[in-house]
Amino acid sequence: MMSSVGCPKDVLQQVDHLWSILDDLSENDPKAYQSFIEKQMREGVELSAPPQPDSCLRTEILGPKEGLLFINICGWKRVPAPQDPSKPIPMCGGKLETDIGDGGDWYSVLDVALSPAVLHEAKKDKREMDQVYLLALSFTHQQHGLRLSQQYTVTSSILKGSLDDMQRRIGFKKHLNSSATSTKQPDTATQTPNSLLQQISSLRAQQSEEDSAAQHIFGPSEHKKKNLIQVISSTFTAQPRKKPEYQLKVNTDPEGVSRSVELTVELPKVRSMSECHLSISQDDVLLEVEDKYHLLLELPEIVNEDSASATFNKKKRRLTLTVTVL
């Protein structure tokens, strides 16, 4: 974030100039003045809203210490949406905390926030939502140095732990001043420009204070497919992922009727199935291995994605996916 610092005299001159403009606007065009002030107050209130849980991922930490990891995916208006689809997606991460489950086993919890607009758009396409989840895994790896399995499940509960704990970990601070968090619209018509500016300044200061507690990440992006989420990097430059060698064939019965589709992929840099993330729909399949491989294929037949099964031959470093034809 860039900032400009001037001498106190310059700042006072700018403030005086702004107040003069607002004074003129309130006298010459009261409706425009009221509309402007109400817009500023609404934006301040929206930015003061807490993050809200959207979904929760469950995956495995492979190293440096093995264990379970829950990632709470949250929507937070404080996190901006990208200006256009070619830009990386800003994310905000909270503190990584460890707890003990009912069975005595330890697990970790992390909260990751995105713009609600990004989540809303991603939910229109399962593949885009899968990319959001992969982005959260990548973010966790980069920020906390955890080696994660690329396989995950979306839990039935949208939040691991309590709402208060999530908001605390991610850096949202509750304010007891009801005037700063109330959604009631102010009576702008009866207030002076000076008093309204003070209220706006208070809301903006609250926003700035909470921003300092959360880390926003921006970085270079890698184009995968139009309208897919862009994976970002903050601590290193992402290496271009290779399209692996593969064979795609349709298995038929003696009468020539299509029965199944079989995809075989050569993955010489992969050691186990846990490194692979597979996503399949009725007409395409997506295979990703973080920092190594990326393969998106349209299937030659409409398939039943619920019947899909995959195996990995560790000796040959080969993945085989089989799915029945509808």
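That block above? That's the structure.
This one's a predicted model, so the numbers in the text were calculated from it and none came from an experiment. (Residues numbered from 1 in each chain as written. Predicted model: local features only at pLDDT ≥ 70, side-chain atom pairs only at ≥ 80, totals over all residues. Heavy atoms only, no water.)

Some words on the sheet that holds strand S11 (residues 284-289)
Read from one edge to the other, the open sheet built from three strands follows the order S10-S11-S12, with strand pairing classed as antiparallel. Each end of this open sheet is capped by a strand with a single partner; those strands are strand S10 (276-280) and strand S12 (293-298). Adjacent strand axes in the sheet meet at a mean angle of 5° when their direction is disregarded. For S11 and S12, the ladder comprises six bridges, and the chain directions are antiparallel. Pairing of Leu287 across the sheet is with Leu295, part of S12. (Pairing = 2+ DSSP bridges. Helix = DSSP H or I, 4+ residues; strand = E, 2+ residues; numbered from the N terminus. Axes fitted to C-alpha atoms, helices over the stretch in contact; angles between N-to-C directions.)

A look at the packing of aromatic side chains
Summed over all chains, the structure comprises three aromatic pairs. Ring centres of Phe70 and Tyr107 lie 5.6 Å apart, and the angle between their planes is 85°; this geometry places the pair in the edge-to-face category. With a gap of 37 residues between them, Phe70 in strand S2 (residues 67-75) and Tyr107 in strand S5 (residues 106-114) connect regions that are remote in the sequence. Of the two residues, Phe70 and Tyr107, neither departs from the other in class, the shared state being buried. Above the ring of Trp106, the side-chain terminus of Lys65 is found at 4.8 Å from the ring centroid. In this structure, Lys160 packs its charged tip against the face of Tyr107, placed 4.6 Å from the ring centre. (Phe/Tyr/Trp six-rings, centres within 6.5 Å; stacked < 30°, edge-to-face > 60°. Buried < 20%, exposed > 50% of the residue type's maximum accessible area, 1.4 Å probe, protein only. Lys NZ or Arg CZ within 6 Å of the ring centre and 35° of its normal.)

Section: the nonpolar core
Grouped together as the largest cluster of nonpolar side chains are 24 residues, with contacts concentrated most on Ile71, Ile73, Met91, Val112 and Leu114. Elements with a minimum of two residues in this core: strand S1 (52-63), S2, S5, helix H3 (116-122), helix H4 (126-144) and strand S6 (147-154). Looking at which element gives the most residues to this core, the answer is H4, with eight residues. Ignoring anything within four residues of it in the chain, the contact list for Val112 reads Ile71, Asn72, Ile73, Cys74, Met91, Cys92, Phe139 and Ile170. Grouped together as the second largest cluster of nonpolar side chains are 20 residues, Val265, Leu267, Leu319 and Val325 included. (Core = buried A, V, L, I, M, F, W, Y, C linked by side-chain atoms within 4.5 Å. Contact = heavy atoms within 4.5 Å.)

Here's the deal with unusual backbone geometry
Here the bond from Gly63 into Pro64 is cis, since omega is 5°, no more than 30 degrees from zero. Within the fold, Pro64 resides in the loop between S1 and S2. Even without a glycine there, the phi angle at Arg317 is positive, about 55°. As for its placement among the helices and strands, Arg317 is situated in the loop between strand S13 (309-313) and strand S14 (318-324).

Structural notes on the environment of Ser279
Within the secondary structure, Ser279 is located in strand S10. Its relative accessible area of 7% is what places Ser279 among the buried residues. Taking C-alpha positions, Ser279 is 9.5 Å from Leu296, a pair spaced 17 residues apart along the chain. Look past the residues within four positions of Ser279 in its chain and what remains in contact with it is Lys126, Asp130, Asp284, Val285 and Leu286. Reaching out from Ser279, the side chain makes a polar contact with the side chain of Asp130 at a distance of 2.7 Å. (Polar contact = N/O pair within 3.5 Å; in protein donor to acceptor, adjacent residues only side chain to side chain.)

Some thoughts on the pairing of S10
Among the five residues that make up S10, four are buried, leaving the element largely enclosed by the rest of the structure. As judged from the five bridges shared by S10 and S11, these two strands associate in the antiparallel manner. Bridge pairing in S11 places His277 opposite Glu288.

Observations regarding the sheet that holds strand S8 (residues 246-252)
Strand order across the open sheet formed by four strands is S8-S9-S14-S13, with antiparallel pairing between neighbours. Each of the sheet's edge strands pairs with one partner strand only, and the pair in question is S8 and S13. In this sheet, neighbouring strand axes are inclined to one another by 15° on average, regardless of whether the strands run parallel or antiparallel. With five bridges connecting them, S13 and S14 associate as antiparallel partners.

A closer look at helix H5 (residues 163-170)
Among the residues of H5, Met166, Gln167, Arg169 and Ile170 are the ones counted as buried. One side of H5 carries all its buried residues, which in axial view fall inside an arc of 165°. In this structure, the buried residues of H5 make contact with S1, S2, strand S3 (91-93), strand S4 (97-100) and S5. Remark: Gly171 follows H5 within two positions and exhibits a positive phi of approximately 105°. (Arc of directions from axis to C-beta.)

Side note on the state of the cysteines
Applying the stated rule across the entire model yields zero disulfides. In this model Cys74 remains outside any disulfide bridge; the closest cysteine sulfur is found in Cys92, 9.1 Å from its own. For Cys74, a relative accessible area of 0% gives the class buried. Exposure remark for Cys92: the relative accessible area of 0% places this residue in the buried category. (Disulfide = S-S within 2.5 Å.)

Details of the pairing of S11
Burial analysis of S11 places six of its six residues in the buried class, which makes it a mostly covered element. Here S11 shows two buried faces, one formed by Asp284, Leu286 and Glu288 and the other by Val285, Leu287 and Val289. Taking the residues that link successive antiparallel strands as the turn, the S10-S11 hairpin has three residues. In sequence, S11 turns back onto S12 through a hairpin of three residues, with Asp291 there showing a positive phi of about 65°.

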